[in-house]
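If you want the building blocks of each chain, they are given just below.
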Amino acid sequence: MTNPLATQIADLKLSNPTMLAAGVLGYTGLSMKRVIESGAGAVVTKSMGIEPRTGYGNPTVVQTDCGLLNAMGLPNPGISHFEEEMKELNKLNAPTIFSIYGFSPEDFAEVAKIAVEIGAAAVELNVSCPHVKKAGAQVGSDPSLLMEIVKQVKSQIEKPVIVKLTPNVTDITEIAKAAQKAGADAICAINTVKAMAIDPETCKPILANKYGGLSGTAIKPIGLRCVYDIYNAVDIPIIGCGGISNWQDAVEYLLAGACALQIGTAIAFQDITVFKSVTDGITNYLEHKGFNNLKDIIGLAHKT
């Protein structure tokens, strides 16, 4: 019997469209194994670079009325450390995607090569972190530099390359087009929105880095608009990300043109059971509306 929730991103085959977003529970193989066992179709690791990085000092996270504001500073133990963690994940029937970052095209290419060597099913280029200088969004807002990064990475690996875009640009479709032109296999939209919080008592910014990235329900309308616009601009798969906390949010992203969905902040408020509740909801929606599978609704909002 055909699985109505099955989806595909380049060569990646997922049993359902939900994925763990980078930065949440992506530090260890055991934590990501729990996420897969709870219903996620794929997992994305914490962003990793060539060398270990400590990140910023505290405070690094602020809870808001509409989500989370964070400025972690890309802390990670270095890409090579994750070889041990892959022992848990290689046994499971769900892709592990490595989120990677660098400070130059050569950095990205080197990290991508190591990621594939230790078992990555694909790499997701973090060119969208809004609070790390000379990396992240500073890279992802420059079409020429982004194209060079994608080309360098593609020259080193044969696994799918996903580019995670920042919404903190004038026209996200131009960045998406540049990524596709350079050979990207898929787009992920979006990463967090640049934001901040100030403490009225101390009269100072709360985050140690002053600025951070806002995630959660507040950014869903932004992410949805970005996916909708990108769908009309490129011919490669789109992964929707940003504020997905229930099946209704997920369906909106699918209708806008996403073929898969990343969930992150909702885990902090609902636990990892959110993956099953979202997939169950999508299944019920398809049955209720008389659709046969996900393909029937992907991008449907553009046709009505």
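Residues numbered from 1 in each chain as written. Predicted model: local features only at pLDDT ≥ 70, side-chain atom pairs only at ≥ 80, totals over all residues. Heavy atoms only, no water.

Comments concerning the environment of Phe103
- Topologically, Phe103 is positioned in the loop between strand 7 (96-100) and helix 3 (105-117).
- Placed 54 residues apart in sequence, Phe103 and Gly49 show a C-alpha to C-alpha distance of 9.1 Å. (Helix = DSSP H or I, 4+ residues; strand = E, 2+ residues; numbered from the N terminus.)

Quick word on the sheet that holds strand 11 (residues 193-196)
- Spatial strand order, 5-6-14-11: 4 strands in an open sheet with antiparallel pairing. With one partner strand each, in any of the chains shown, strand 5 (61-64) and strand 11 form the two edges of the open sheet. With strand direction ignored, the average angle separating the axes of adjacent strands in the sheet is 35°.
- Bridge count between strand 5 and strand 6 (residues 67-70): 4 bridges; the pairing is antiparallel. (Pairing = 2+ DSSP bridges. Axes fitted to C-alpha atoms, helices over the stretch in contact; angles between N-to-C directions.)

A few points about the pattern of salt bridges
- A full pass over the atoms with the stated rule returns 8 salt bridges.
- The salt bridge partner of Lys33 is Glu37, with a shortest N-O separation of 3.2 Å. Of this pair, Lys33 and Glu37 both sit in helix 1 (residues 29-37), 4 residues apart, roughly one helical turn.
- Lys33 gets classed as partly exposed once you look at its relative accessible area, which sits at 23%.
- Taking relative accessible area as the criterion, Glu37 reaches 54% and is therefore assigned exposed.
- What you see here is one network of salt bridges that share partners, running through Lys220, Asp249 and Glu252. (Salt bridge = Lys/Arg side-chain N within 4 Å of Asp/Glu carboxyl O. Buried < 20%, exposed > 50% of the residue type's maximum accessible area, 1.4 Å probe, protein only.)

Section: the sheet that holds strand 16 (residues 260-263)
- The parallel closed barrel is built from 8 strands, whose spatial order is 3-4-7-8-9-10-15-16. Taken over all neighbouring pairs, the strand axes of this sheet differ in orientation by 25° on average, direction set aside.
- With 4 bridges connecting them, strand 9 (residues 161-165) and strand 10 (residues 186-189) associate as parallel partners. When the bridges of strand 10 are listed, Ile162 appears paired with Ala186.
- The strands touched by helix 1 are strand 3 (18-20) and strand 4 (42-44); relative to strand 4, the strand with the most contacts, the crossing angle is about 150°.
- Packing against the sheet, helix 6 (residues 172-181) makes contact with strand 9 and strand 10, and its axis sits at approximately 165° to strand 9. (Contact = heavy atoms within 4.5 Å.)

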